[in-house]
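Okay, here's what each chain looks like letter by letter:
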Amino acid sequence: MDHFTYKNSALFAEEVAITEIAKAVGTPFYCYSTATLVRHFRVFKEAFADLNPLICYAVKANSTLGILKTLANEGSGADVVSAGEIHASLAAGIMPEKIVFSGVGKTHDEMVYALSKDIFQFNVESESELLLLSDAAHTLNKIASIALRVNPDIAPDTHAKISTGQKESKFGVPIKDAIALYAKAAKLPGIKVQGVSVHIGSQLTNLAPFASAFTRIVKLVKELRKNGHEITTLDLGGGLGIPYGNQEAPPLPVAYAEIVKSATKGINCQLIFEPGRLLVGNAGILVTKVIYVKHSDERIFVIVDAGMNDLVRPALYDAYHDIIPVHVNPDAPTELVDIVGPVCETGDIFATGRLLKLPKEGDLLAFRTAGAYGASMASTYNARPLIAEIMVNGSNYATLRHRQTYDELIHRDKLPDWL
Ligand code: LLP
């Protein structure tokens, strides 16, 4: 459920008309709904109420400070994959003792930064990383609390580019090697073994792979305890899918919670979750204006002012996003159209052969479910400024990020003295 609804044929975010924002800030822009974001966090939290888990929002889904701060106010922690994400999380008021650091390629500098901030847990993904972390922590006279991110070799039944828990994937330590690596970790200076972590993929719409992965991990926790390790945290990652409007029906958080509860029964660990998309996906839309409607021999192209640089998911993963009018015009003919951006790439396509009330030039369209992996994956390709990000809260709205200016686009550039 979200708070983007029509009132008298006009699309609103909570109590604010999208056209009003468009008039004020121009297009394209991302628009987030506070009520939706908060609701999603609470629904997830309530599904696990009796277990009191640590919910570490996966910052990569959307790292805009206003989003992070809204979640921080709800008590969220952060799952981060870079020093930059740690920096943003701390700036938004997320406490270091609620930060877990994942990622296959943590650099020494990033480790030093994370250690200096006393984050809660490093999810270590290889032996080399473990040794480097030990060295960094020992040198700084710090203790790095770690979980090994284990790769359980489970097919997650999702898009190949967002699958992470199979043996051909770069992520995690193969589960068959975990016991030996934990034994090694326990002897290293600067390292405290505290947990196990797993994340098998994103946009999972089937619970069975989660159940298989969690069962394997819980078995590992028991074996590790037998070997004398004190395992107090169990990080089950993120990945629960959401509806994008093309008929998929992902399980609700309560159903996911049932799977978790039955797999982890009696294990007595602090559970950690890393949801990203589930919290922020449906809390955001991308609003764009139709620049041209171009009739070619075979097709009708609706050319909009947002491009693949603003929302790359359709180009990168063939992802489906519902595209709806900001003003419904019941008299417009329904046509099969291709909705494309202005970027000079053939792949700059948002939808092919989509049935739509034919918009007119100047009309506004909204891409739904754009809150996750939208703004955070944007680039300035084609020297297109990063777009504005707006947050609505009831009948108020505010700019979380202004549209980049042309000067900001080039402000990092320097000319060498020979030019
Ligand atoms: N934890 C770890 C270790 C992850 O790698 C990820 C996502 C998450 C948590 C959060 O997963 P979520 O709950 O959001 O599914 N750009 C892609 C998604 C990439 C996901 C990468 N890892 C997309 O737009 O579909």
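So, a few notes on the structure that sits alongside this text. Remember, predicted model here, so these are calculated numbers, not experimental data.

**So, the overall build of the protein**
When helices and strands are counted, the protein shows twelve helices and 21 strands. Relative to the 2.2 N^0.38 estimate, which gives 22 Å for 419 residues, the radius of gyration of the protein is 23 Å and therefore close to what a compact globule would have. Judged by the C-alpha coordinates and their principal axes, the protein covers about 70 × 60 × 40 Å. Across the 419 residues in the protein, those meeting the buried criterion constitute 53%.

**Quick look at the pattern of salt bridges**
In total, this model carries 14 salt bridges according to the counting rule given. Across the pair Lys 60 and Asp 79 runs a salt bridge, and its minimum N-O distance is 3.5 Å. Of this pair, Lys 60 sits in the loop between strand E5 (54–58) and helix H3 (65–73) while Asp 79 sits in strand E6 (residues 77–80), placing them 19 residues apart in sequence. In this structure, Asp 310 engages Arg 384 in a salt bridge whose closest nitrogen and oxygen atoms are separated by 2.9 Å. One end of the pair, Asp 310, is in the loop between strand E15 (300–304) and helix H11 (313–317); the other, Arg 384, is in the loop between strand E19 (364–367) and strand E20 (388–393), with 74 residues separating them in the sequence. Accessibility assignment for this pair places Asp 310 and Arg 384 in one class, buried.

**Observations regarding the packing of helix H7 (residues 175–186) against helix H8 (residues 208–226)**
Geometry of a packed helix pair, given as the angle between the helix axes and the separation of the axes. Where H7 contacts H8, the axes come no closer than 11 Å and their chain directions differ by 25 degrees. On the basis of the axis angle, H7 is roughly parallel to H8. The interaxial crossing formed by H7 with H8 has right-handed handedness. Side by side, H7 and H8 meet where Ile 175, Ala 178, Ile 179 and Tyr 182 of the first sit next to Arg 216, Ile 217, Leu 220, Glu 223 and Leu 224 of the second. Along the lines of polarity and charge, the residues of the contact of H7 with H8 split into seven nonpolar, no polar and two charged.

**Considering the packing of aromatic side chains**
Scanning all chains against the criterion turns up twelve aromatic pairs. On the numbers, 6.0 Å between centres and 90 degrees between planes, the contact of Phe 48 with Tyr 256 is edge-to-face. A residue pair is termed long-range when its members are at least 10 positions apart, and Phe 48 in the loop between helix H2 (34–47) and E5 and Tyr 256 in helix H9 (residues 253–264) qualify at 208 residues. A residue is classified by how much of its surface remains accessible, and Phe 48, at 0% relative accessible area, is buried.

**Brief notes about the packing of H2 against H3**
Between H2 and H3, the least distance of the axes is 10 Å, while the angle of their chain directions is 45 degrees. Between H2 and H3, the angle is such that the two are oblique. As for the relative orientation of H2 and H3, their crossing is right-handed in sense. Contact with H2, carried on its side by Thr 34, Leu 37, Val 38 and Phe 41, involves Ile 67, Thr 70 and Leu 71 of H3 and no other residues of that element.

**A few points about the site of the ligand**
For the ligand, the set of nearby residues contains 18 residues, the closest of which are Ser 202, Glu 274, Arg 313, Tyr 317 and Tyr 373. With respect to the ligand, the side chain of Asp 79 contributes an N or O atom lying 3.2 Å from a nitrogen atom. In the model, an oxygen atom of the ligand is placed 2.8 Å from a nitrogen or oxygen of the Arg 277 main chain. Against a free-state accessible area of 580 Å², the protein chains account for coverage of 92% of the ligand. Of the residues assigned to the shell around the ligand, the class counts are six nonpolar, six polar and six charged.

**Details of the pairing of E6**
Judged by which residues are buried, E6 turns out to be covered on both faces: Gly 77 and Asp 79 on one side and Ala 78 and Val 80 on the other are all buried. As paired strands, E5 and E6 are joined by three bridges and run parallel to one another. Paired with Cys 56 across the two strands is Gly 77, which belongs to E6. Where E6 meets strand E7 (residues 99–101), three bridges bridge the pair, whose relative direction is parallel.

What counts as what
Residues numbered from 1 in each chain as written. Predicted model: local features only at pLDDT ≥ 70, side-chain atom pairs only at ≥ 80, totals over all residues. Heavy atoms only, no water. Helix = DSSP H or I, 4+ residues; strand = E, 2+ residues; numbered from the N terminus. Rg over C-alpha atoms; globule rule 2.2 N^0.38 Å. Buried < 20%, exposed > 50% of the residue type's maximum accessible area, 1.4 Å probe, protein only. Salt bridge = Lys/Arg side-chain N within 4 Å of Asp/Glu carboxyl O. Axes fitted to C-alpha atoms, helices over the stretch in contact; angles between N-to-C directions. Parallel < 35°, antiparallel > 145°, perpendicular 65-115°, else oblique. Left-handed = near helix turned anticlockwise from the far one by under 90°. Contact = heavy atoms within 4.5 Å. Nonpolar A, V, L, I, M, F, W, Y, C, P; charged D, E, K, R; others polar. Phe/Tyr/Trp six-rings, centres within 6.5 Å; stacked < 30°, edge-to-face > 60°. Near = heavy atom within 4 Å. Polar contact = N/O pair within 3.5 Å; in protein donor to acceptor, adjacent residues only side chain to side chain. Areas by Shrake-Rupley, 256 points an atom, 1.4 Å probe, with all protein chains shown as cover. Pairing = 2+ DSSP bridges.

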